[in-house]
Amino acid sequence: MAPLRQGLRAYGLIAAMWVRSTLAYRASFALMVTGNLLVSGLEFVSVTIMFSHVDVLAGFTYAEVAFLYGTTTTAFGIADLLLGSLQRIGGRVRDGTVDTLLVRPAPVLAQAAADRFAPRRVGRVVQGLGVLLWSLTRVEVDWTPGRAALVVVMVLGGSAIFGALLVAGAAFQFWAQDASEVQNAFTYGGNVLLQYPPAVFARELVRGVTFVVPLAFVNWLPALRVLGRDDPLGLPGWVDLASPAVALVCCALAGAAWRAGLRGYRSTGS
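Attention in this report is confined to the structure presented alongside it.

Scoring rules and cut-offs
- In every chain, residue numbers begin from 1 and rise along the written sequence.
- Thresholds applied to this predicted model are a pLDDT of at least 70 for local features of residues and 80 or more for the giving and counting of side-chain atom pairs; totals over whole chains, interfaces and linings are not thresholded and use all residues.
- Hydrogen atoms and water are omitted, and side-chain values are computed over all heavy atoms in the structure.
- Helix numbering and strand numbering both begin at the N terminus, where a helix is a DSSP run of H or I of at least 4 residues and a strand a DSSP run of E of at least 2.
- In this setup the radius of gyration rests on C-alpha atoms only. A globule is expected at 2.2 Å times the number of residues raised to 0.38.
- Classification of residues uses two cut-offs on accessible area relative to the type maximum, computed with a 1.4 Å probe and protein chains only: under 20% is buried, over 50% is exposed, and between them is partly exposed.
- Whether two residues touch is decided by their heavy atoms; if any such pair falls within 4.5 Å, the residues are in contact.
- Accessible areas in this description were obtained via Shrake-Rupley with a 1.4 Å probe; residue shielding takes into account the shown protein chains only.
- Between N-to-C directions, angles span 0 to 180 degrees; the directions come from axes that are lines fitted to C-alpha atoms, helices contributing only their stretch in contact.
- Oblique is the label for every angle not falling under 35 degrees (roughly parallel), over 145 degrees (roughly antiparallel), or within 65 to 115 degrees (roughly perpendicular).
- The handedness criterion is simple: a crossing whose near helix is rotated anticlockwise from the far helix by less than a right angle is left-handed, and one whose near helix is rotated clockwise is right-handed.
- Only Asp, Glu, Lys and Arg are considered charged in this grouping, and only Ala, Val, Leu, Ile, Met, Phe, Trp, Tyr, Cys and Pro are considered nonpolar; every other residue, Gly among them, is considered polar.
- Exposure above 30% relative accessible area and no salt bridge define the residues that can form patches, which grow by joining like charges within 9 Å and nonpolar side chains of Val, Leu, Ile, Met, Phe, Trp and Tyr within 5 Å.
- A pairing counts as a salt bridge when a side-chain nitrogen of Lys or Arg comes within 4 Å of a carboxyl oxygen of Asp or Glu.

## A closer look at the overall build of the protein chain
Stage number 1. From N to C terminus, the protein chain includes twelve helices and zero strands.
Stage number 2. Listed by position from the N terminus, the elements making up the protein chain come as α-α-α-α-α-α-α-α-α-α-α-α.
Stage number 3. Over its C-alpha trace the protein chain gives a radius of gyration of 19 Å, about what one expects of a compact globule, namely 18 Å for 270 residues.
Stage number 4. Projected onto its principal axes, the C-alpha positions of the protein chain cover 60 × 45 × 35 Å.
Stage number 5. For the protein chain, the proportion of its 270 residues judged to be buried stands at 47%.
Stage number 6. A sequence separation of at least 24 residues applies to 79% of the contacts in the protein chain between residues at least 6 apart.
Stage number 7. Surface summary for the protein chain: the accessible area is close to 13,200 Å², and the carbon and sulfur share equals 67%.

Laid out in structure tokens, this is it:
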């Protein structure tokens, strides 16, 4: 537990430094957050335009698709806010500045994740959370404490799964060095994928994001339980509740990948 506390403390100190730096220019910060919120909101505008021409999409109403959008966007926004800076690790590997992280008395992962912490990314979280809260008042669901708790678990577990993908993608860059777009295909691309009902996509793709890259556990499977919909793959009902366990496994595998990547790092010698 001591390394974990040390890492969290280092992350907090570095992130706080960048927050203070950003808030030194409050007007600029407000504009950046607003811009980030508006840009991410364009994704939902496209959903709204689509539903101006159709009543349902693969059997899902506008409010239900908004629920899918809100859960995945909020989950991804939290992960991107906390760990989005890891996509820069490839550049650090190329120019050898990972060396500076290695000589500091703090975990390298915490330093790399907090480096250039960008509080403007909170705009995506706010926008996604706003859509989610609106959808909760519109979907036809018989709300129980269990379903309400599942929504919270869905967002937190989804954040952990996206975070694990960001860490694993950063670990891959120790070897590939210029693979941030590959990482983005699973993170940003996965976020867009999960904004729509699973029935829209081919069964092979749904199987892939369930059993290979478990993005379906971010919101598809638990959302089907909340909305009372059938699973297109016909999986056992308990699978809908497996997001926390899947998130723990993903985090463990991502941690192992990060340690392997760090061990394989070779300095540029410059």
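## Description of the packing of helix H2 (residues 26-51) against helix H3 (residues 62-83)
Stage number 1. In contact at an axis separation of 11 Å, H2 and H3 are set at 160° when each is read in the N-to-C sense. Considering the angle they form, H2 stands roughly antiparallel to H3. For H2 against H3, the interelement crossing comes out right-handed. Each of Ser40, Gly41, Glu43, Phe44, Val47, Thr48 and Phe51 in H2 lies in contact with H3, whose residues at this interface are Tyr62, Val65, Ala66 and Tyr69.
Stage number 2. Per-class residue counts for the contact of H2 with H3 are seven nonpolar, three polar and one charged.

## Let's talk about the side chain of threonine 71
Stage number 1. Considering the arrangement of structural elements, one finds threonine 71 in helix H3.
Stage number 2. Since its relative accessible area comes to 1%, threonine 71 is described here as buried.
Stage number 3. Setting aside anything within four residues of it in sequence, one finds threonine 71 in contact with Leu132, Met154, Val155 and Asn219.

## Points about a nonpolar patch on the surface
Stage number 1. Together, Phe172, Trp175, Val182 and Phe186 make up an exposed nonpolar region whose accessible area comes to about 410 Å².
Stage number 2. At the level of secondary structure, the elements contributing two or more residues to the nonpolar patch comprise helix H8 (145-176) and helix H9 (180-193).
Stage number 3. Topologically, phenylalanine 186 is positioned in helix H9.

## Quick notes on helix H11 (residues 220-227)
Stage number 1. Burial runs high along H11: seven of the eight residues are buried.
Stage number 2. Every buried residue of H11 is accounted for by Trp220, Leu221, Pro222, Ala223, Leu224, Val226 and Leu227.
Stage number 3. One or two residues past the end of H11 sits glycine 228, with phi positive at roughly 70°.

## Things to note about the side chain of serine 159
Stage number 1. Position of serine 159 among the secondary structure elements: in helix H8.
Stage number 2. When sequence neighbours within four positions are dropped, the list of residues in contact with serine 159 reads Ala75, Ile78 and Ala79.

Function cannot be read off these values alone, since they describe shape.
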